[in-house]
Structures are given as C-alpha cells and as structure tokens.
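# Summary of structural features
So the chains spell out like this:
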Amino acid sequence: MRILVTGAAGFLGSHLCDRLLAEGHTVVGMDNFITGKPENLAHLANHERFSFIRHDVSAYIFVPGRLDGVMHLASPASPNPASPMGYTNLPIQTMKAGALGTHNTLGVALANKARYLLASTSEIYGDPLQHPQREDYWGHVNPIGPRSVYDEAKRFAEALTMAYHRFHSVNTSIVRIFNTYGPRMHIDDGRVVPNFISQALKGEALTIYGDGRQTRSFCYVDDLIEGIYRLMMSAEHNPVNIGNDVETDMNEFAEIINRLTGNSAGVVRLEDRRGEGDPQRRQPDIARARAVLNWEPRVALEDGLGRTIQFFKEVLENR
Ligand code: NAD
Ligand code: UDP
C-alpha cells in the first residue's frame, strides 16, 4: 500500500512510519514540526519507499500520486500547560488539526478511495464516570474547560469520520489511544513519562500533581503500533480502544521510576490539576481489540520503562 501518515515526525507517527516501511509499504510522511522533530525521521532520509512533505494539515492537502491509505495522527498531544508544547498553549492549532486536519485528510481518503485511520484518544471519555472505559461509553467532557480544545476536537474528528463513512462510504477506522510511552517521546513535552524519567536521571524529586492517587494505564509504543497496524489492515469501522489495561496510580508510578533509575531524591507534591480537568481514573477495556484484532499488549511496564530510560539517558547526554 502507499500510505499518507500525518504527524509523521512525532513520537507515534515516526514509529508508525518505521513499521509500515518494515511491512513493505510505501510511506508519504507529512508534518509541520509544531511538536515533532526532524530527528525522529532522520534515519529514513535515504529510504527508497519513504518521502516527506512539510505541510500544515489544517490547510488544503495535495499529495501527488495515488494513495491506498491515510493515517491521521497530526495533533499536539500533551495536556501539560507548563510545557510550550502542551495543547493548552496551542489551543487554536490543536482545534484546527483535529477539525480542519481531519476534514482535509478525509477528503484525501475519499478522493483516493483509500482506507482511513483517525488517531483518536482516551480523552474523548473526559474525566470518566464509567470504569474501565468501553467504546460504548459516551464520556464526561467539559466542553469549555482547558482540555476541551483537544477533547472536543477529537470528538468532532470522530463524528466527522463517521459522517464520511456513513454518507460517502469512506472505509474509515478510529483508534482511541490510551497513554503510550517509549523512545522518541519529547523530553520537554510535559507528559508524566518524560517528566518523571528526566527528573530521576538528573537526581531531582519527581513532581506529583496532587495526592498522586489519579491513575493511568501505560502502553509501550511497540504494542500500540501493533494494534494500530492491525486495525488499519482490518475492515473495522467502529472505534477501538488500544492501550494497556494494567492500571497504576502516580504514587506507585513515581516509585517505579525512582527504583529503576536508582534515584533517591523521592517526590515533591505540587498543586493538583483537577481544576484543569485532569482525569482521576483511566483504564481501557480492550475486549473489542482482543476480539476484532486478536491483539493484546505484551510488553510489561518495567521492561518498556527500562528501554525508555535508556533512550532518555542518551538524549540528556547529547544535550
Ligand atoms: P507528538 O506531538 O509527538 O506528535 C504529533 C505530531 O503531529 C508532531 O510531529 C507535530 O509536529 C504534528 N502536527 C501537529 N499539528 C500539525 C499540523 N497542523 N500539521 C502537520 N503536522 C502537525 O504526539 P504523539 O504522542 O505522537 O501523538 C500522535 C497522535 O496520537 C496525536 O493525534 C495524539 O492526539 C494521539 N494520541 C497520543 C497518545 C499518547 O499517549 N502518545 C494518546 C492518545 C492519543
Ligand atoms: N502528572 C504528574 N506529574 C507530572 C506530569 C503529570 O503527577 O510531572 C500526572 C498528571 O496530573 C496526570 C498523569 O500524571 O494525572 C498523566 O499525565 P500526562 O500529562 O502524562 O497525560 P494525560 O494522561 O493527563 O493526558
């Protein structure tokens, strides 16, 4: 297949490009580097089946030649207002990537009769009242809170994707991605994994927001990419959660990072982010992915974190 990947220079997009190329596909990467980095794609510069277009997906997209697939990952993705890469600091760009970018990429899929995949998110469930979250849960989202620029853009993107499927018969799919971590995460993007690991490697106390009892379920990037790849190659149109269903609270997560890095500086408690809509519990129900894609996560948290710590060590050494 010849596949367009938007957000190709980002954490997940660059791993996805690697996987598609390894499977023998031809990849056209697209990115405007708003939160991604050219270094994530540097190793593909001379790959004969890879090409790259620097472009903002919010503007009309033209890709020469036929496409068999379109995978739309372009969007800022960190909720942390302390980071310049956080989507609350890029509110209009985030809404445009989710809304106009989804419209433009669906148009490309329609024109090419291509299979389409939207990278959606567990954030469409908001601060969930149902636990774990199943795909038939409609969510609990504040439409005007700080996170709404991301959550509502992704909800709009899902609605638009289903509209193109129902009205134009586009062969669409929607993956709801739960917290994913691994090499090539941006060290400064403010998400908990880069924050904790870089603090630990510098011998600093880990910054826990609030009482640390809020939970997340962390999926290693290779598992996530496997799930996305299977979904893209399937005939499924309904949203599918992809994530690891092992739930961890932030106190326990900080302890694990300090233990794996040998950091003795402990933790420091900062003000909680509940007022900004920080979800208190998050865990995917992955029964649908198991049934439809025969997929499940394989990498244990400490193994994946070991590989990620190694990556961040190298990043810090080269700074
Ligand atoms: P990332 O910031 O590393 O990658 C996003 C990429 O999109 C960046 O390279 C950025 O430059 C690019 N981009 C943003 N706006 C663009 C625009 N208008 N035009 C062109 N390129 C643009 O983040 P990520 O973690 O790799 O996230 C990728 C996708 O997965 C996003 O859609 C995100 O919402 C989704 N997602 C990620 C996670 C996660 O845990 N990593 C969880 C849920 C959903
Ligand atoms: N968090 C934290 N300290 C940090 C960064 C994040 O305690 O330095 C918490 C944050 O409050 C949230 C969880 O870690 O409850 C996951 O945050 P992240 O930014 O990684 O992504 P989210 O899952 O909220 O989108």
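First things first, this report covers the structure right here in the doc. (Residues numbered from 1 in each chain as written. Chains lettered and ligands numbered in written order. Predicted model: local features only at pLDDT ≥ 70, side-chain atom pairs only at ≥ 80, totals over all residues. Heavy atoms only, no water.)

## Thoughts on the packing of helix H2 (residues 91-112) against helix H3 (residues 148-168)
Selection criterion: Throughout, an axis means a line fitted to C-alpha atoms (over the contacting stretch in the case of helices), and angles, computed between N-to-C directions, take values from 0 to 180 degrees. Secondary structure elements follow DSSP: runs of H or I no shorter than four residues count as helices, runs of E no shorter than two count as strands, and numbering proceeds from the N terminus. Here the word oblique covers every angle except those under 35 degrees (roughly parallel), over 145 (roughly antiparallel) and from 65 to 115 (roughly perpendicular). The crossing is said to be left-handed when, going from far helix to near helix, the turn is anticlockwise and less than a right angle, and right-handed when the turn is clockwise. In what follows, a contact means two residues having at least one pair of non-hydrogen atoms within 4.5 Å. Gly counts as polar in this scheme, as do all residues outside two lists: the nonpolar Ala, Val, Leu, Ile, Met, Phe, Trp, Tyr, Cys and Pro, and the charged Asp, Glu, Lys and Arg.
With their axes 8 Å apart at the nearest point, H2 and H3 run at an angle of 15 degrees to one another. It follows that H2 is roughly parallel to H3 by the angle criterion. Crossing handedness for the pair H2 and H3: right-handed. Counted together, Pro91, Thr94, Met95, Gly98, Ala99, Thr102, His103, Leu106, Gly107 and Leu110 of H2 and Val149, Tyr150, Ala153, Phe156, Ala157, Leu160, Thr161, Tyr164 and His168 of H3 form the full contact between these two elements. Tallied by class, residues from the contact of H2 with H3 come to twelve nonpolar, seven polar and no charged.

## Thoughts on the sheet that holds strand E11 (residues 240-242)
The following threshold applies: At least two DSSP bridges between two strands are needed for those strands to be called paired.
Pairing is parallel across the open sheet formed by seven strands, whose spatial order is E3-E2-E1-E4-E5-E6-E11. Each edge of the open sheet is held by one strand with a lone partner, namely strand E3 (50-54) and E11. For this sheet, the mean angle separating the axes of adjacent strands, direction not counted, is 20 degrees. Of the strand pairs in this sheet, strand E4 (residues 69-72) and strand E5 (residues 115-121) are connected by four bridges, and their pairing is parallel. Along E5, the bridge assignment pairs methionine 71 with leucine 117.

## What to know about the site of ligand 2
Filter applied, for reference: To be near a molecule or strand, a residue needs just one of its heavy atoms within 4 Å of it. Any pair of N or O atoms that falls within 3.5 Å is considered a polar contact. Within protein, one atom must be able to donate a hydrogen and the other to accept it, and sequence-neighbouring residues count only if both atoms are side-chain atoms. All accessible areas in this document rest on Shrake-Rupley with a 1.4 Å probe, and a residue is counted as covered only by the protein chains that are shown.
The immediate surroundings of ligand 2 are formed by 17 residues, with Val192, Thr207, Arg216, Asp278 and Arg282 found nearest. Between ligand 2 and asparagine 195 there is a distance of 2.9 Å, counted from an oxygen atom to a side-chain nitrogen or oxygen. A distance of 3.3 Å is found between an oxygen atom of ligand 2 and a side-chain nitrogen or oxygen belonging to glutamine 214. Surface burial for ligand 2 is 95%, taken as the share of its 520 Å² of free accessible area covered by protein chains. Elements with a minimum of two residues in the shell around ligand 2: helix H4 (192-201) and strand E8 (206-209).

## Here's the deal with the packing of aromatic side chains
Definition in use: Two aromatic rings, drawn from Phe, Tyr or Trp (for Trp, its six-membered ring), form a pair once their centres lie within 6.5 Å of each other, and the interplanar angle then sorts them: stacked below 30 degrees, edge-to-face above 60, tilted otherwise. For each residue, the accessible area found with a 1.4 Å probe, counting protein chains only, is set against the maximum for its type, and the residue is called buried under 20%, exposed over 50%, and partly exposed in between. Two thresholds decide whether a charge sits over a ring: the Lys NZ or Arg CZ must be within 6 Å of the ring centre and within 35 degrees of the ring normal.
Applying the stated criterion across every chain, the model contains nine aromatic pairs. Look at tyrosine 125 and phenylalanine 178: their rings are 6.2 Å apart centre to centre, the planes differ by 40 degrees, and that puts the pair in the tilted class. Here phenylalanine 178 lies in the loop between strand E6 (172-177) and strand E7 (180-181) and tyrosine 125 lies in the loop between E5 and H3, a separation of 53 residues in the sequence. The two residues tyrosine 125 and phenylalanine 178 agree in class, both being buried. Taken together, the ring pairs connect Tyr181, Phe196, Phe218, Tyr220 and Phe253 into an aromatic cluster. Looking at arginine 19, its charged tip hangs above the ring of tyrosine 229, at a distance of 4.7 Å from the centre. Above the ring of tyrosine 209, the side-chain terminus of arginine 273 is found at 3.9 Å from the ring centroid.

## Digging into the site of ligand 1
In the neighbourhood of ligand 1, 29 residues make up the surrounding shell, with Asp31, Thr35, Asp56, Tyr150 and Lys154 lying closest. For ligand 1, an oxygen atom lies 2.6 Å from a polar atom in the side chain of aspartate 31. Interatomic distance of 3.0 Å between a backbone N/O atom of glycine 36 and an oxygen atom of ligand 1. Here ligand 1 has 830 Å² of accessible area as a free molecule, and 96% of this is covered by the chains. Here the shell around ligand 1 gets three residues from one element, more than from any other, and that element is E5. Partitioning the shell around ligand 1 into residue classes produces 13 nonpolar, twelve polar and four charged.

## Section: the pattern of salt bridges
Just so we agree on the cut-off: Just to be clear on terms, a salt bridge is a Lys or Arg side-chain nitrogen sitting within 4 Å of an Asp or Glu carboxyl oxygen.
Overall, the coordinates contain 19 salt bridges when judged by the stated rule. For arginine 19, the salt bridge is made with glutamate 23, and the minimal N-O distance between the two is 2.9 Å. Given the relative accessible area of 39%, glutamate 23 is considered partly exposed. In this structure, the salt-bridge partner of arginine 307 is aspartate 222, at a minimum N-O distance of 3.8 Å. Within this pair, whereas arginine 307 is found in helix H8 (residues 301-317), its partner aspartate 222 is found in helix H5 (residues 221-233), the two being separated by 85 residues in sequence. Its relative accessible area of 40% is what places arginine 307 among the partly exposed residues.

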